[in-house]
Amino acid sequence: MLDGQTWQARHLLRRVHAIERLLVTHVDILETMTPQDFLEFREGLAPASGFQSAQYRELEFLSGVKDRAFLGRFRALTDTERNRLLRRLSEPSLWDAYLSLLSARGLAVAGEEEILASLRAVARDRATYDDLWQLGDDLLTHDELAALWRARHVQMVERQIGTKSGTGGSTGAPYLRKRVPLRYYPLLWELRDHL
């Protein structure tokens with residue numbers, strides 16, 4: 001997106017969507033285990049967890065949820081992983097890149113109200129901005145699928161271990177439940193109220 005290649009960004013996001021759908025269906029496999037089987041399996045993961053997954057945090061940072069505090073919560077972060085996460089924290093997110101595309105097309109992006117107005121302009125003039133509309137829709141799909149994965153994940157955790165603490169030191173299901181409503185691109189969701 002930073003290079004203005006909306007077609008390439010859309011192509012890659014569609015690949016991400018396929019992977020995210022696959023991740024959601026993998027929860028079904030874990031749910032074939034009894035809680036006892038799962039606890040035995042889980043023991044082998046300790047102290048690792050999704051909470052301490054450098055790759056998962058990297059995806060969240062790239063998606064726009066940049067919380068530096070996560071770096072301090074890792075128990076065994078390698079220098080390579082720390083450097084990757086620090087790089088992701090400092091570089092533009094997908095949302096930043098999308099806003100740069102809007103700006104490059106002469107649309108205002110200085111604040112939320114300007115961004116919403118620009119998003120409405122994109123929605124109203126698909127003949128001019130269809131690539132931006134489609135790319136925004138692909139970001140929204142990414143957001144939706146990530147939320148679906150978080151919801152399925154917390155349900156699986158509750159089914160298997162109830163409210164026991166997470167292997168990575170989180171509160172487990174209560175922590176996961178709080179993250180279900182997280183939205184990477186709230187303005188794309190809010191746009192629907194204005195259409």
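Everything below is about the structure printed above this text.
Nothing here was measured: the structure is a model prediction, and the numbers come from that model.

Draft legend 1. Inspection of the packing of helix α7 (residues 112–124) against helix α10 (residues 186–194) at higher detail. Interhelical geometry of α7 versus α10 gives an angle of 60° and a closest axis separation of 10 Å. Accordingly, the angle class assigned to the pair α7 and α10 is oblique. In the packing of α7 onto α10, the handedness of the crossing is right-handed. Facing Glu112, Ile115, Leu116, Leu119 and Arg120 of α7, the residues of α10 in contact are Leu187, Leu188, Glu190, Leu191 and His194. Residue composition of the contact of α7 with α10, grouped by class: six nonpolar, one polar and three charged.

Draft legend 2. Representation of the environment of Val122. Here Val122 is to be found in helix α7. Put simply, Val122 and Leu107 are 15 residues apart on the chain and 8.9 Å apart in space, counted from C-alpha to C-alpha.

Draft legend 3. The arrangement of empty space enclosed by the protein in detail. Evaluation of the coordinates by the stated rule reveals one cavity of 30 Å³ or more. Put simply, the largest cavity is a space of about 50 Å³. Surrounding the largest cavity, Tyr98, Leu119, Val122, Leu132, Trp133, Gly136, Asp137, Leu188, Leu191 and Arg192 form its lining. Elements with a contribution of two residues or more to the lining of the largest cavity: α7, α8 (126–161) and α10. The biggest single contributor to the lining of the largest cavity is α8, with four residues. Of the residues that constitute the lining of the largest cavity, the class distribution is seven nonpolar, one polar and two charged.

Draft legend 4. Spatial organisation of the packing of helix α6 (residues 94–104) against α7. The geometry of α6 relative to α7 is characterised by a closest axis approach of 11 Å and an angle of 65° between their N-to-C directions. By the criterion of interaxial angle, the relationship of α6 to α7 is roughly perpendicular. As α6 packs across α7, the resulting crossing turns out to be left-handed. Within the contact between the two elements, α6 uses Trp95, Tyr98, Leu99 and Leu102 and α7 uses Ile115, Leu119 and Val122.

Draft legend 5. Just the nonpolar core, in detail. Within the largest apolar cluster, 30 residues are counted, with the highest numbers of intra-cluster contacts made by Met1, Trp95, Tyr98 and Leu119. The set of elements that each furnish at least two residues to this core consists of α1 (6–30), α6, α7, α8 and α10. Not counting chain neighbours up to four residues away, the residues in contact with Tyr98 comprise Met1, Leu119, Leu132, Leu135, Gly136, Leu139 and Leu188. In this structure, Phe61, Leu71, Leu77 and Ala173 belong to the second largest nonpolar core, which totals 18 residues.

The rules behind each value
Per-chain numbering applies: the sequence of each chain, read as written, is numbered from 1 onward. The predicted nature of this model means local features are confined to residues of pLDDT at least 70 and side-chain atom pairs, given and counted, to a pLDDT of 80 or more, with totals for whole chains, interfaces and linings taken over all residues. Derived side-chain values reflect all non-hydrogen atoms in the structure, with water molecules and hydrogen atoms excluded from consideration. To define axes, lines are fitted to C-alpha atoms, for helices over the stretch in contact only, and angles between the resulting N-to-C directions are given on a 0 to 180 degree scale. A run of H or I in DSSP becomes a helix once it reaches four residues, and a run of E becomes a strand once it reaches two; helices and strands are each numbered from the N terminus. With respect to orientation, any angle under 35 degrees is reported as roughly parallel, any angle over 145 as roughly antiparallel, any angle of 65 to 115 as roughly perpendicular, and every other angle as oblique. Crossing handedness is read from the near helix: turned anticlockwise from the far helix by less than a right angle, it gives a left-handed crossing, and turned clockwise, a right-handed one. Note on contacts: a residue pair is in contact if any heavy atoms of the two residues lie within 4.5 Å. Residues are grouped as follows: Ala, Val, Leu, Ile, Met, Phe, Trp, Tyr, Cys and Pro are nonpolar; Asp, Glu, Lys and Arg are charged; all remaining types, including Gly, are polar. Lining residues are those with an atom within 4 Å of a point, where the points come from a 1 Å grid over the protein atoms alone and group into cavities, where a 1.4 Å probe fits but cannot get out, or pockets, open sets with protein on both sides within 12 Å along at least five of seven lines. Grid points are joined across faces, edges and corners, and a volume is the space filled by probe spheres set on the points. Here, nonpolar core means buried Ala, Val, Leu, Ile, Met, Phe, Trp, Tyr and Cys residues that are tied together by side-chain atoms lying within 4.5 Å of each other. Any residue under 20% of the maximum accessible area for its type is buried, any over 50% is exposed, and the rest in between are partly exposed; the area is computed with a 1.4 Å probe on protein chains only.

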